[in-house]
Amino acid sequence: MAIERTFSIIKPDATKRNLTGAINAVFEKAGLRIVAQKRIRMTKEQAETFYAVHKDRPFFGELVEFMISEPVVVQVLEGENAVARHREVMGATNPANAAEGTVRKLYALSIGENSVHGSDAPETAKQEIAQFFSGNEIVG
Ligand code: DAT
Ligand code: MG
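Rules of the game
- Residues numbered from 1 in each chain as written.
- Chains lettered and ligands numbered in written order.
- Predicted model: local features only at pLDDT ≥ 70, side-chain atom pairs only at ≥ 80, totals over all residues.
- Heavy atoms only, no water.
- Near = heavy atom within 4 Å.
- Polar contact = N/O pair within 3.5 Å; in protein donor to acceptor, adjacent residues only side chain to side chain.
- Areas by Shrake-Rupley, 256 points an atom, 1.4 Å probe, with all protein chains shown as cover.
- UniProt positions renumbered as here; feature names shortened; annotations may be inferred.
- Helix = DSSP H or I, 4+ residues; strand = E, 2+ residues; numbered from the N terminus.
- Contact = heavy atoms within 4.5 Å.
- pLDDT = per-residue confidence, 0-100.
- Buried < 20%, exposed > 50% of the residue type's maximum accessible area, 1.4 Å probe, protein only.
- Arc of directions from axis to C-beta.

Looking at this structure, I do not really get the site of ligand 1. What am I missing?
Looking at ligand 1, the residues that line it are Lys11, Tyr51, His54, Phe59, Leu63, Arg87, Thr93, Arg104, Ile111, Gly112 and Asn114. His54 is positioned such that a nitrogen or oxygen atom in its side chain is 3.1 Å from an oxygen atom of ligand 1. Thr93 is positioned with one of its side-chain polar atoms (N or O) 2.6 Å from an oxygen atom of ligand 1. Computed on the free molecule, ligand 1 has an accessible area of 520 Å², of which 77% lies beneath the protein chains in the complex.

Any chance you could explain the UniProt feature "active site" (unreviewed entry) in the protein chain here in plain terms?
As annotated in UniProt, the feature "active site" (unreviewed entry) corresponds to His117 in the numbering used here. By secondary structure assignment, the location of His117 is in strand β4 (residues 116–118). Sequence-distant contacts of His117, that is, excluding residues within four places in its chain, are made with Phe7, Ser8, Ile9, Lys11, Phe50, Tyr51, His86, Met90 and Glu128.

I would appreciate a short explanation of the confidence of the model for the protein chain in the present structure.
Reading fine detail from the predicted coordinates is not recommended where pLDDT is low. Taken residue by residue, the protein chain gives an average pLDDT of 98. The fraction at 70 or more is 99%. Here the predicted complex scores 0.98 on pTM and 0.98 on ipTM.

Can you walk me through helix α2 (residues 20–29) in this structure?
The periodicity of an α-helix, 3.6 residues per turn, causes residues three or four places apart in sequence to face the same way. Taken together, the buried positions of α2 are Ile23, Asn24, Val26 and Phe27. Buried residues of α2, viewed axially, fall in a sector of 155°; they line one side. Just downstream of α2 lies Gly31, where phi reads positive at about 90°.

Explain helix α5 (residues 82–90) here, please?
For α5, the full list of buried residues reads Ala82, Val83, His86, Val89 and Met90. The arc that holds the buried residues of α5, viewed along the axis, is 140°, so those residues lie on one side. Tucked into the core, α5 has its buried residues touching β1 (3–10), α2, β3 (72–80), α6 (103–107), β4 and α7 (122–132). Directly after α5, the chain includes Gly91, whose backbone phi takes a positive value near 90°.

Help me understand the UniProt feature "binding site: ATP" (unreviewed entry) in the protein chain, please; the structure alone is not making it clear to me.
Here, UniProt's "binding site: ATP" (unreviewed entry) annotation points to Lys11, Phe59, Arg87, Thr93, Arg104 and Asn114. Considering the arrangement of structural elements, one finds Phe59 in the loop between α3 (44–50) and α4 (60–67). The exposure class assigned to Phe59 is partly exposed, which follows from its relative accessible area of 33%. With relative accessibility at 2%, the residue Asn114 sits in the buried group.

Here you go:
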């Protein structure tokens with residue numbers, strides 16, 4: 001399996017509780033390398049664009065407001081099978097269904113305030129990385 005990159009966000013509920021390092025430790029233990037990282041305050045427009053695929057869902061407004069409520073940490077993670085590996089250590093969207101030891105089982109507060117985002121496919125990862133990082137900000 002080739003080395004792959006994925007896009008990750010440490011969400012407002014987690015940055016607010018000072019969990020950036022704890023979550024990064026889970027990623028690094030899983031063999032994912034942080035090859036780009038920055039703490040930003042997402043604009044409403046950025047959040048709406050990022051989650052456009054969910055724009056018709058009833059939780060869309062709430063999701064956008066949550067993502068701009070506190071700073072987030074956007075990241076590029078690199079490793080073998082990184083997209084799937086990252087999803088595995090993030091755990092299920094709803095923390096009630098997340099496996100032991102996953103970030104969402106350990107830290108998520110609810111299905112909405114679920115601490116982390118991870119790309120769902122290599123193609124999505126490319127688009128999401130390009131929304132937040134220029135090539136020279138990624139140092140593999
Ligand atoms: P994931 O973040 O696991 O890829 P998703 O893409 O289905 O999950 O949804 C994106 C985010 O939207 C998710 O992390 C939290 C929010 N969300 C999803 N389903 C929700 C629901 N039923 N109620 C509230 N928020 C929800
Ligand atoms: Mg998703």
